[in-house]
Amino acid sequence: MRKTIIRSGMETLYFSGMHQLMRPLLGGVGVILTLHHVRPARRGAFQPNRLLEITPEFLEELLYKLKGGHLDVITLDEIHRRFITGEFKRRFVCLTFDDGYKDFKLWAYPLLRKYELPFALYIATSFPDRLGELWWIAVEAVIAQNSRIGLLVDGKEQFFTCGMVSEKRELYNAVYGYLRSMKTEDELRAVVRDLCARYRVDIATFCQELCMDWQEIVELAADPLATIGAHTINHKILKKLPDEAAVRAEMAMSRSVLEAALGKRPDHLAYPVGDATSAGPREFRIASELGFKTAVTTRPGVLFKVHRDHLTALPRISVNGEFQQQRYLKVLMSGAATAMWNGFRRVNAA
Ligand SMILES: [Zn+2]
C-alpha cells in the first residue's frame, strides 16, 4: 500500500514537472546514494528483500547518465572538504554501497571501473570475519522453505500458515515489523536464532555466501576509486543498544579492525539500518566524538549547506530495487520527493 502511494506520488511529481521547478529551492548542494546488492534479477515471487537490490543494467544506465551529466561524482572525503571550505559551485553525487556483498565485486565494481567513478563501501567487519548474522535474509529463508511456522510472540507460541506466496509476503512483513519493534537487539537476535534452529536454517551460511572476504576487500581498497568506510562490527541497530559504551565500541572497534586489515584508518561511517529508529542524536554525537569526518543514515534526503553542522547525521537517497526506473531516481535526486516526506524540513537529525 505504502509502496503504491510512494510510487504514484513520484509519478505525479515527475509528470507534472514540479521537481524541475523545485530543484533550485530543494535540490540542495548534492546527494549521497545508497545501494546494496547489484545482481541480475532472480526468479521467484517471494523476494521480500528485493528493495535492497538492483540489476547491473540499471546501475550501468545510472553510471552512464552520471558520467555524461552535469553533476560531479565525488568521494566522501571531497564531500567533507566541500562542507568545510564551503565550495559548492556544482552539485554533486556520491555512490555508497552498504555491507560489502560479493555481488558488488562481481557486477558493480567492473562498471565503476569502466566509467571511472569513485565509490564508497561500508563494511561491517563481522561479515568478512564470517561471524555476522544477516538476520533479514535468514527470516526470508525460513519463510521461503516452510508452509507453517511457529513463533514465540511475546512469550506465547503462535502458528502461521505460509504456503502461498501472498501468505509468505504477509508473514515476512509481520515478522520483520515484530523484530524491528523489539526493545533490544539481543532480543531480536535471540528470536531469529530460535527460528533458524527450529527450521534448520544455518544463519552463518549467508555471510559466507553473500559477503566479501578480507582478501576481496583488501584488493578493492587498493583502488584509488575506493573509499572503505566503517559500518560497525556486528551490524546492530545502535539505537537499540542500552549501553552507550557498546555503541562507542561498535564504531571504534570496527574502525580499528579495518585499519589493521587495510593499513588505512577509515574516516567515514554508516549506521546499520540507518533510519530514525536505528540511529539518533546519541549515535550522531558519538560518531562525531570519535572523529569520523562524515557518518550517513538512511533517512531520505538531499544535502544542504546547513548539513555542515550535521556531518555525522547525513541523509541519503536509496536506490531502491522496487523502483528501478530512472525517472524515479531523477525525482528523488531533485529533492522534491524527500522534501515532501520531510515536511520541507531541511535537516532531520533529531
Ligand atoms: Zn548495512
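Here the structure is a predicted model, which means the values were calculated and not measured.

1. Looking at helix H3 (residues 56–68)
Taking 1.5 Å as the rise per residue, H3 with 13 residues should run 18 Å; its terminal C-alpha atoms sit 18 Å apart, in good agreement. Regarding H3, the residues found buried are Pro56, Phe58, Leu59, Leu62, Leu63 and Leu66. Viewed end-on, H3 has its buried residues packed into an arc of 160 degrees, placing them on one side of the element. Along H3, exposed side chains directed more than 90 degrees from the buried face belong to Glu57, Tyr64 and Gly68.

2. A look at the packing of aromatic side chains
In this structure the tally under the stated criterion is 11 aromatic pairs. Between Phe104 and Tyr109, the ring centres sit 6.3 Å apart and the planes meet at 35 degrees, which makes this aromatic pair tilted. Both residues of the pair, Phe104 and Tyr109, count as buried. Aromatic side chains Tyr109 and Phe119 sit 5.8 Å apart centroid to centroid with 75 degrees between the ring planes, which places their arrangement in the edge-to-face category. One end of the pair, Tyr109, is in helix H5 (residues 102–114); the other, Phe119, is in strand S6 (residues 119–123), and 10 residues separate them in sequence.

3. Focus: the coordination of the zinc ion
Taken together, the protein ligands of the zinc ion are Asp99 (OD), His231 (NE2) and His235 (NE2), with distances of 2.1 to 2.2 Å. Residue class for Asp99 comes out buried when judged on its relative accessible area of 3%. On the accessibility criterion, His231 (1% relative accessible area) is buried.

4. A few points about the nonpolar core
Leu95, Phe97, Phe104 and Met251 are the most contacted members of the largest nonpolar core, which totals 53 residues. In this view, Phe97 contacts Leu35, His36, Val38, Phe104, Ala108, Leu112, Phe119, Ala120, Leu121 and Tyr122; residues no more than four positions away in its chain are not counted. Counting 36 residues, the second largest nonpolar core, distinct from the first, contains Phe46, Tyr178, Val201 and Cys211.

5. Thoughts on the packing of helix H10 (residues 214–221) against helix H11 (residues 244–262)
In contact at an axis separation of 10 Å, H10 and H11 are set at 75 degrees when each is read in the N-to-C sense. The orientation of H10 relative to H11 falls into the category roughly perpendicular. Here H10 contributes Trp214, Ile217, Val218 and Ala221 to the contact with H11, which in turn contributes Val257, Leu258, Ala261 and Leu262. Of the residues assigned to the contact of H10 with H11, the class counts are 8 nonpolar, no polar and no charged.

6. Let's talk about the side chain of Ser254
Here Ser254 is to be found in helix H11. Using a relative accessible area of 0% as the deciding quantity, one classes Ser254 as buried. There is a polar contact of 3.1 Å between the side chain of Ser254 and the backbone oxygen of Glu250. Beyond its immediate sequence surroundings of up to four residues, Ser254 is in contact with Thr125, Ala230, His231, Thr232, Ile233 and Ala249.

The rules we used
Residues numbered from 1 in each chain as written. Predicted model: local features only at pLDDT ≥ 70, side-chain atom pairs only at ≥ 80, totals over all residues. Heavy atoms only, no water. Helix = DSSP H or I, 4+ residues; strand = E, 2+ residues; numbered from the N terminus. Expected span 1.5 Å × (residues − 1). Buried < 20%, exposed > 50% of the residue type's maximum accessible area, 1.4 Å probe, protein only. Arc of directions from axis to C-beta. Phe/Tyr/Trp six-rings, centres within 6.5 Å; stacked < 30°, edge-to-face > 60°. Donors = N, O, S within 2.8 Å, 3.2 Å for Na, K, Ca; no water. Core = buried A, V, L, I, M, F, W, Y, C linked by side-chain atoms within 4.5 Å. Contact = heavy atoms within 4.5 Å. Axes fitted to C-alpha atoms, helices over the stretch in contact; angles between N-to-C directions. Parallel < 35°, antiparallel > 145°, perpendicular 65-115°, else oblique. Nonpolar A, V, L, I, M, F, W, Y, C, P; charged D, E, K, R; others polar. Polar contact = N/O pair within 3.5 Å; in protein donor to acceptor, adjacent residues only side chain to side chain.

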